[in-house]
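Listed below are the residues making up each chain.
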Amino acid sequence: MRTQGAVITKAPGEYEVVDLELEDPRPDELQVQLVAAGLCHSDDHYATGDLHLGTYPTAGGHEGAGIVTKVGPNAKGIKEGDHVVFSFIPACGHCRWCTRGMQNLCDHGASIMAGPRWTDGSYRLHLPDGTNVGQVSGISTFVRHTTASLESAVKIDDDIPLDLACLTGCGVGTGWGSAVNSAEVRPGQTVVVMGIGGIGINAVQGARHAGASNIIAVDPVAFKREKAEQLGATRTCSSIDEAGELARQLTNGQGADAAIVTIGVLTGEAIAQAFATVRKAGITVVTAVGNHEAIGIPLPLNELTLYQKRLQGALYGGCGPNWDIKAQLQLYREGVLKLDELLTNRYKLEDITKGYDDLRDGKNIRGIIDYTL
C-alpha cells in the first residue's frame, strides 16, 4: 500500500516527509495505522549522527501507538481493530535475557538501528522507485502506516487514549524505570534527576511513586523546572552543582542516595558531575545517550572504590515491555501515573522539523506527531 513517512537520507541531516510503499505483514507480523508517535530525543540523535544507522534512507520514530489493520499468519491472538503500543525494543521471549525477565536486553535489540528485519535481512518499506527504506527499531512510527514484528507490539485495552498510550513505548518506562528499577529508589531517600525532558520528567514521577522524600530536579530551563514541581519534584535547581550542594544540606552532608542522568546529549563530564552528588554506596544511573564514539568519564578512581559508589547504565529503565507497558497504563487509570500532563505540543507529520526545533529549544516535555490532525 502507499503511505507517507519521515525519513533520514543522511547524517547529519533532517527528516523529510516522503511517499512510501509498505508491504503486507508476513508470518509473525502485523500492520498498524498509527494514531500518535512521540518525538523522542533518540530520533534526533539519529538525525545528528550521534547514533549510527545501518541503512539510508531510514524512516524514524520508535515511540508510537495505533490500530491494527492487518495481521499475518501466526498472529498470536492479535486481530484487526486491536489497539497496540509499540515497544522500541523487541522481546523475543526465548533468548537468555527474555527468559530471565530482562526483556529490555533481548538479543533482537542489537538490530534496532540496522534497518532491515532482524530475522532475515528483508525490508517492509520502500521508496516508490523500489529503494529499500530502513525502519528504526523495526517499527518506524514516523510513518502513517507501518508493518512490524509481533515482538514489538503490546496489545492494550481500547479505552486508553492512544495519544497518551504511545508515551509508554519509550519515554515513560525509560524514566520511570530508571528511578524504580535502576536507581532502586526507596521511601525516604533523596534523589537527583539531571535533565527534565521526556525521560527525566518520568524519573521524577518514578521517584515520587517509590516514596523518595527529596526529589531534586535539575534543568537550566525554567519551564521544565516548573513542570517537574507539578509532577513530584520537591526542589528544583538550574545546575547540577547547586543540586549537589542542596542534596548534602538535606542529608546532613552525606549526599543524594541516587542521581539519574537524563540530559539530552550525554557527556562523560555530566556523568562525573552526577557521580559527585551521591553519598557513599550511592547509585549514579546513566540513562541519557550521546555521540556513539564518545569515550571516557573523568571520575575520581579512589572515590569509586573507597566510597563503594555504583555507576549503573539503564536501557528502557530496566523495564520489560510486555508487562510494564500494561502496568504503567493501569497506574494511569488509577491516577498514580500522569500522562496527560506530559504532552506539551502536537504536530502534524509535515511539521516534524518544527517539533524537533521546539525540543532543542526547551519548549517540549514531550511533543507528539498526532496523525488525527
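Our subject is the structure listed above.
Just so it is clear, the structure is predicted and the values come from calculations on it, not from any experiment. Note that residues are indexed from 1 along each chain, following the sequence as it is written. Reporting in this predicted model follows two pLDDT cut-offs: at least 70 for local features of residues, and 80 or more for side-chain atom pairs to be given and counted; totals over whole chains, interfaces and linings ignore these cut-offs and use all residues. Here the side-chain values reflect all heavy atoms present in the structure, with hydrogen atoms and water set aside.

1. Considerations on the sheet that holds strand E1 (residues 2–8)
- Pairing between strands is defined by DSSP: at least two bridges between them are needed. Labels follow the DSSP assignment, with helices taken as runs of H or I lasting at least four residues and strands as runs of E lasting at least two, numbered in each case from the N terminus. Around the barrel, which closes on itself, the five strands sit in the order E1-E2-E7-E8-E4 with mixed pairing between neighbours.
- Strand direction decides the pairing type here: strand E2 (residues 16–22) and strand E7 (residues 125–126), joined by two bridges, are antiparallel. Looking at E7, one finds that glutamate 21 is bridged to histidine 126.

2. Some thoughts on unusual backbone geometry
- Residue proline 12 is reached from alanine 11 by a cis peptide bond, and omega for that bond is 0°.
- Within the secondary structure, proline 12 is located in the loop between E1 and E2.
- Following tyrosine 56, the chain continues into proline 57 via a peptide bond in cis, with omega recorded as 0°.
- Within the element layout of this structure, proline 57 appears in the loop between helix H1 (41–48) and strand E4 (58–59).
- With phi around 55°, asparagine 252 is a residue other than glycine that occupies positive phi space.

3. Topic: the packing of aromatic side chains
- For this analysis, a ring pair means two rings from Phe, Tyr or Trp (six-membered ring only for Trp) whose centres lie within 6.5 Å, classed as stacked if their planes differ by under 30 degrees, edge-to-face if by over 60, and tilted for the remaining angles. What the rule picks out here adds up to four aromatic pairs.
- Summarising the aromatic geometry, the rings of tyrosine 15 and phenylalanine 142 are spaced 5.5 Å apart at their centres and angled 85° between planes, so their arrangement reads as edge-to-face. Taken together, the residues span a long stretch of sequence, with tyrosine 15 in the loop between E1 and E2 and phenylalanine 142 in the loop between strand E8 (132–135) and strand E9 (145–149) at a distance of 127 residues.
- Exposure is judged per residue with a 1.4 Å probe applied to protein chains only, and the accessible area is read against the type maximum: over 50% gives exposed, under 20% gives buried, and values in between give partly exposed. Residue class for tyrosine 15 comes out buried when judged on its relative accessible area of 8%.

4. Digging into the environment of asparagine 322
- Relative to the helices and strands, asparagine 322 resides in helix H10 (residues 321–333).
- The class for asparagine 322 is partly exposed, based on a relative accessible area of 36%.
- Separated by 270 residues in sequence, asparagine 322 and histidine 52 have C-alpha atoms that sit 27 Å apart.
- Filtering out sequence-adjacent residues up to four positions away, asparagine 322 remains in contact with Ala91, Gln103 and Val154. Here, residues are in contact when the closest pair of their heavy atoms is within 4.5 Å.

5. Some remarks on H1
- Where burial is concerned, most of H1 is hidden: six out of the eight residues are buried.
- Residues of H1 that are buried include every one of Ser42, Asp43, Asp44, His45, Tyr46 and Ala47, and no others.
- Contacts from the buried residues of H1 go to E1 and helix H11 (352–360).

6. A closer look at the packing of helix H4 (residues 171–182) against helix H5 (residues 200–210)
- As a rule, the C-alpha atoms of each element are fitted with a line to give its axis, helices using only the stretch in contact, and angles between N-to-C directions run from 0 to 180 degrees. Their axes nearest at 7 Å, the elements H4 and H5 cross at an angle of 45°. By the criterion of interaxial angle, the relationship of H4 to H5 is oblique. For H4 against H5, the interelement crossing comes out right-handed. Touching Gly171, Val172, Gly175, Trp176, Ala179 and Val180 of H4 are Asn202, Ala203, Gln205, Gly206, Ala207 and His209, all from H5.
- Within the contact of H4 with H5, the residues separate by chemical class into six nonpolar, six polar and no charged. Every angle not falling under 35 degrees, over 145, or within 65 to 115 is termed oblique; those three ranges are roughly parallel, roughly antiparallel and roughly perpendicular. Here a crossing is taken to be left-handed if its near helix is turned anticlockwise relative to the far helix by less than a right angle, and right-handed if that turn runs clockwise. Gly counts as polar in this scheme, as do all residues outside two lists: the nonpolar Ala, Val, Leu, Ile, Met, Phe, Trp, Tyr, Cys and Pro, and the charged Asp, Glu, Lys and Arg.

7. What about the nonpolar core?
- With 53 residues, the main nonpolar core has Ile156, Ile196, Ile260, Leu339 and Leu342 as its most contacted residues.
- The biggest single contributor to this core is H5, with five residues.
- Filtering out sequence-adjacent residues up to four positions away, leucine 342 remains in contact with Leu167, Val172, Ile201, Asn202, Gln205, Leu231, Ile365 and Arg366.
- Put simply, buried Ala, Val, Leu, Ile, Met, Phe, Trp, Tyr and Cys residues joined by side-chain atoms within 4.5 Å make one nonpolar core. In terms of nonpolar packing, the next biggest core, distinct from the first, is built from 29 residues, Ile8, Val84, Val136 and Tyr356 among them.

8. Examining the packing of helix H7 (residues 240–250) against helix H8 (residues 268–277)
- For the pair H7 and H8, the least separation of the axes is 9 Å and the interaxial angle reads 15°. Between H7 and H8, the crossing angle belongs to the class labelled roughly parallel. For the pair H7 and H8, the crossing hand works out as right-handed. Every residue of H8 that contacts H7 at Ile240, Gly244, Ala247 and Arg248 is listed here: Gln273, Ala274, Ala276 and Thr277.

9. What about the sheet that holds strand E15 (residues 278–286)?
- Here we have six strands laid out as an open sheet, ordered E13-E12-E11-E14-E15-E16, and parallel in their pairing. Each having just a single partner strand, strand E13 (235–237) and strand E16 (310–313) make up the two edges of the open sheet. For this sheet the average axis-to-axis angle between neighbouring strands, irrespective of direction, equals 20°.

10. So, the side chain of asparagine 364
- With respect to the element layout, asparagine 364 can be found in the loop between H11 and strand E18 (366–370).
- Since its relative accessible area comes to 4%, asparagine 364 is described here as buried.
- In protein, a polar contact requires one atom able to donate a hydrogen and another able to accept it; more generally it is a pair of N or O atoms within 3.5 Å, and residues adjacent in sequence count only if both atoms are side-chain atoms. Within the structure, the side chain of asparagine 364 is placed 2.6 Å from the side chain of asparagine 345, a separation counted as a polar contact.
- Within the structure, the side chain of asparagine 364 is placed 3.1 Å from the side chain of tyrosine 347, a separation counted as a polar contact.
- Not counting residues within four places of it along the chain, the set of residues in contact with asparagine 364 comprises Phe223, Lys224, Thr344, Asn345, Tyr347, Gly355, Asp358 and Leu359.

11. Some details on the pairing of strand E3 (residues 29–38)
- Within E3, nine of the 10 residues are buried, leaving the element largely enclosed by the surrounding structure.
- In this sheet, strand E5 (residues 64–71) lies alongside E3 in antiparallel orientation, the contact comprising seven bridges. Bridge assignment links valine 32 to a residue of E5, and that residue is valine 68.
- When E3 meets E18, the two strands line up antiparallel, connected through three bridges. Across the sheet, alanine 36 pairs through a bridge with aspartate 370, a residue of E18.

All quantities given are derived from atomic positions and should not be read as evidence of function.
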